[in-house]
Amino acid sequence: MPATDPYRLPRTVLPRRYELALTPDLDAATFTGSVVVEVDVTEPVTGIVLNAVELTVAEAWVERDGDRNDASVTLDAETERATLTLGRELRTGPATVHLRFAGTLNDKLRGFYRSTFSDEAGTDHTIATTQFEATDARRAFPCWDEPEMKAVFSITLDVPGDLLAVSNAAEVSSEATGDGRRRVRFADSMSMSTYLVAFVVGPLVATDPIDVDGVPLRVVHREGQEALAVFALESGAFALRHFTEYFGRAYPADKLDLVAVPDFAFGAMENLGCVTFRDALLLVDPERATQSELQRVADVIHHEIAHMWFGDLVTMRWWNGIWLNEAFATFMEMRCTDAFRPEWDRWTDFGIARTAAYDTDALASTRPIEFEVVSPADAEGMFDVLTYEKGAAVVRMLEQYLGEDAFRAGIRLYIERHAHANTETTDLWDALEEATGEPVRRIMDSWIFQGGHPEVSIEQASGDGGGGTLRLSQRRFRYAADTSPAPDDDARWAVPVLVRWSLGASADDELDTAGTVGDGESGTATSGQRTERVLLDGASTEIALDAPATWVLANSGGSGFFRVRYDAEGRRALTAAMAELTPLERYGLVDDAWASLLAATVSIEEVLALVRTFADETDLSVWQRVLGVLAALDRLVDDAHRPALQAWVRAAVAPALVRLGAEPVAGEPARDAARRAALFGALGTTGADGDIRRRAAGLLDRVAAGETVDADLLDASVRVIAATGDAEAFARFGDRSAAASTPQERLRYLGARADFPGAEEMDAFLASTLTDAVRTQDAPFVLRRALSNRTQSDRVWAFIEEHWAAIGDRFPSNSIARLLEGIRSINRAELADRVGAFLDDHPVAQGAKPVDQHRERMRAGVALRARTQASLADALTADAT
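Residues numbered from 1 in each chain as written. Predicted model: local features only at pLDDT ≥ 70, side-chain atom pairs only at ≥ 80, totals over all residues. Heavy atoms only, no water.

1. Section: the sheet that holds strand E6 (residues 81-90)
Strand order in the open sheet made by the ten strands is E3-E6-E5-E4-E7-E2-E1-E10-E13-E12, with mixed pairing throughout. A strand with exactly one partner marks an edge of an open sheet, and here the two such strands are strand E3 (45-51) and strand E12 (171-176). With direction set aside, neighbouring strand axes in the sheet form an average angle of 20°. Summarising the sheet, strand E10 (residues 152-160) and strand E13 (residues 181-186) pair through five bridges and their orientation is antiparallel. Directly across from Thr156, in E13, lies its bridge partner Arg185. (Pairing = 2+ DSSP bridges. Helix = DSSP H or I, 4+ residues; strand = E, 2+ residues; numbered from the N terminus. Axes fitted to C-alpha atoms, helices over the stretch in contact; angles between N-to-C directions.)

Right, here's the structure in full:
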């Protein structure tokens, strides 16, 4: 670390233990505090540098052996540092640093901040809570705010006597202070990074703890939400047991509280023993939630609990490694959810999230998963789809290539070796190499330290002896847009490919159970099919065939993070063999085809022909991808040919709904209910089906009359009505959002208001996002959704331009880039030019790289529209005749 780095602290004084005492004043929105830090002085110093920002420090001194060494304090807001200049030199050895300080409970959803809510009687209440990741512990107390600076924390909170206080460790005492307050002391934590410290104070209640093999588990929530906490307790208990077994190591804290916070900038935060959540991602009524809403709650709970081991117990050394914490927790969340509810088929559903990662990684402006992080703004920009979804996808690819048992052995070795310590990414690869004997570092370095991903092409050639070869080759996959070529278009990856093909009749008679190919990778054969593991780490490689293959699948199991390019014959052979493919493999065919259209390597006619082959599809995720393609076509088609597209959609989708059945069936699988809703919603929106729209209106009338209806169909009906809704429906949705009894219901109606086509409704909706009617945690995301409104995107963008300063002042800083993700759906050149010009003049500091990616993806959409709109119109006209 260079000594001149303005954002990294010197290693001359290192913390070992904090005694932190805080007194929040919720009415005045302020707090005071003191901290005593046991430190090790590694070399003689006359000054101590630590982190502090938005604090006032009243007094500071250092003690050693009873001798007090007073210090003056200088604060640097730009580097977020406090420098304690000592009265005399401090020699090496142990010492204690003392500081008294004060700060403001801010409304920016970071550091130590205020969150408010109104109860059923309309009374307003305030909570003081924390969000410290990445670099905001320094806003709550002076500290060494870097992941590597681990220490033990002893926390004491002086709070009003009628309020609940929770923190990372178990409460050990609560004593009245004589002024209406009580002093709550918590046990010492394990040694951990500052970003994992948490404390929450407010008019909250906790469920009775349940004992999970010795770990007390509670859900903390507002009064009256007890019934919404039952699912979280079940999910959390399952995760604690699942991860304890998977990692082979006990849960590292003395208790676990899952805390619902009314205002929260992230989805959730893995504070050790005190995990904080958006309420919609923790509190849920399973009888009134859709399958996807319930799955999302389970996913987030499982993600955060996985962090207790991977992130909290073992922590990255610096923020460049945050991807591994988040990618691995995302991978583990799906593994846990798949075990928790196997009927949800979580790994197939992951295809949707992986598609979002592909969509950014196919841009010239993508980034490596791991890159240099210097400033706090750099760290904040790491929390994106490449960190979470692409990172998880390449971890899953590696696990499937190595084998699940071998992979887990490497993970256990890594956890055991680095518990309570900090690591670099390569430490994990080394543990996996040691456990498996495979070249993991060589494979993964090519995926982690360069952006983008390959397209693997596969060709079959006949041989003289009746066999032949499969030739696999790779090149970087990129969307076609009006951008200059990336400098690394010749990049190569070490691609772990699982190739499966059908065996010809002659080969069927002589099935082997193993074979050798490439670098000695093994293969397996089952009746009629063979699978080979190939490490494609050059431009191309070949596999020898004993007999010609009827069909070849280049991403067997669908776990590889690469696109696949088949020639026309190869694609036809696969679509004829749909029954031989898993749902995720079928999903990949649709996903690859749409991506290839964006890359200008297939035609719109080929995409439409492929979509037709899925008429008999029965899997939810595959249908979701097909319907996503149809919705994207609806944004490409011109107004004159839109009715033809709507008729095409009805012809393609309606038979699938008829086969499934239009009405819910008691006891049916959750994914069948969700598939029905997806088909229903697509017919009512993209398909403009009048009968579906009437049914949707009738279903909402039944809800208004107090009837309980299927949650998935209700959610779809809300979207259908919003797509053509009038002022009366718009007002009704606002009332239902405000009066909602679950967080999911509130968001369902709030988000749908962004879809209304009318100008007056959109104006009212936009205005509400800058008022207390829409929480600041939600407003950026509903504005993002509004940017996708087909008829009102110009109006939405004009509002964003006009109110840019207010948006920046009001919304959490990490949410601006997420709001701007909505521009990716813009494909009209005039509006895209206007957006680009504005963002040239108004750069976004926190998230500059994601905003660049949003802009490039927008331009790719513009290019696609220009390239395909005429051919889409011709194809629809030809079909109509």
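2. Describing the state of the cysteines
Following the criterion strictly, the structure yields zero disulfides and no others. Free cysteine: Cys274, not disulfide-bonded; nearest cysteine sulfur from Cys143 at 17 Å. (Disulfide = S-S within 2.5 Å.)

3. Comments concerning the layout of surface pockets
A volume near 1,400 Å³ is recorded for the second largest pocket. In terms of lining residues, the second largest pocket is bounded by 40 residues, among which Phe117, Ser118, Arg222, Arg746 and Arg775 are the most central. Put simply, the parts of the chain that give the lining of the second largest pocket at least two residues each are strand E8 (111-118), strand E9 (124-131), helix H19 (727-738), helix H20 (743-752) and helix H24 (804-810). No other element matches E8, which puts five residues into the lining of the second largest pocket. Its residues placed into classes, the lining of the second largest pocket shows eleven nonpolar, 13 polar and 16 charged. (1 Å grid on protein atoms, 1.4 Å probe; cavity = no way out; pocket = protein on both sides within 12 Å on 5 of 7 lines; lining within 4 Å. Points joined across faces, edges and corners; volume = space filled by probe spheres on them. Nonpolar A, V, L, I, M, F, W, Y, C, P; charged D, E, K, R; others polar.)

4. Points about the side chain of Arg865
Examined against the element boundaries, Arg865 turns out to sit in helix H27 (residues 848-880). For the buried Arg865, which has no salt bridge, the nearest side chain bearing the opposite charge is Asp639, at an N-O separation of 6.9 Å. In this view, Arg865 contacts Arg635, Leu636, Asn827 and Arg828; residues no more than four positions away in its chain are not counted. (Buried < 20%, exposed > 50% of the residue type's maximum accessible area, 1.4 Å probe, protein only. Lys, Arg positive; Asp, Glu negative; His and termini not counted. Salt bridge = Lys/Arg side-chain N within 4 Å of Asp/Glu carboxyl O. Contact = heavy atoms within 4.5 Å.)

5. Side note on the pairing of strand E23 (residues 454-462)
Here E23 pairs with strand E24 (residues 468-476) via nine bridges, running antiparallel. From the neighbouring strand, Glu459 faces E24, where its bridge partner is Arg471. Pairing analysis gives three bridges linking E23 to strand E31 (residues 563-565), with the strands arranged parallel. When the bridges of E31 are listed, Glu455 appears paired with Arg563.

6. Looking at the packing of helix H12 (residues 583-598) against helix H13 (residues 604-612)
Remark: H12 packs on H13, axes separated minimally by 10 Å, with the N-to-C direction vectors making an angle of 165°. Judged on the interaxial angle alone, H13 and H12 are roughly antiparallel. For the pair H12 and H13, the crossing hand works out as left-handed. Together, Leu589, Val590, Ala593, Trp594 and Leu597 of H12 and Ile604, Val607 and Leu610 of H13 make up the contact between the two elements. Class assignment for the residues of the contact of H12 with H13 results in eight nonpolar, no polar and no charged. (Parallel < 35°, antiparallel > 145°, perpendicular 65-115°, else oblique. Left-handed = near helix turned anticlockwise from the far one by under 90°.)

7. Here's the deal with H13
The set of residues buried in H13 consists of Ile604, Val607, Leu608, Leu610 and Val611. Mapping the buried residues of H13 onto a view down its axis gives an arc of 160°, with all of them on the same face. Those residues of H13 hidden inside the fold are in contact with helix H11 (568-576), H12, helix H14 (620-636), helix H15 (642-660) and H27. (Arc of directions from axis to C-beta.)

8. Overview of the nonpolar core
One finds Phe141 and Trp144 to be the most contacted residues of the largest nonpolar core, which totals 294 residues. Broken down by element, the residue count for this core peaks at eleven residues, all from helix H3 (residues 322-340). (Core = buried A, V, L, I, M, F, W, Y, C linked by side-chain atoms within 4.5 Å.)

9. Looking at the side chain of Asn325
As for its placement among the helices and strands, Asn325 is situated in helix H3. Since its relative accessible area comes to 3%, Asn325 is described here as buried. Residue contacts for Asn325: discarding those within four places in its chain leaves Tyr195, His307, Phe310, Gly311, Val314 and Met316.

10. Section: the confidence of the model for the protein
On average, the protein scores 93 in pLDDT, and the residues at 70 or more come to 96%. A low-confidence stretch, residues 505-521 (pLDDT under 50), is modelled with 35 contacts involving residues beyond four sequence positions or located in other chains. (pLDDT = per-residue confidence, 0-100.)

11. Some thoughts on H20
Counting buried residues along H20, nine of its ten residues qualify, which places the element largely inside the surrounding structure. For H20, the elements touching its buried residues are helix H2 (291-307), helix H17 (690-704), helix H18 (711-724), H19, helix H21 (759-768) and helix H22 (779-786).

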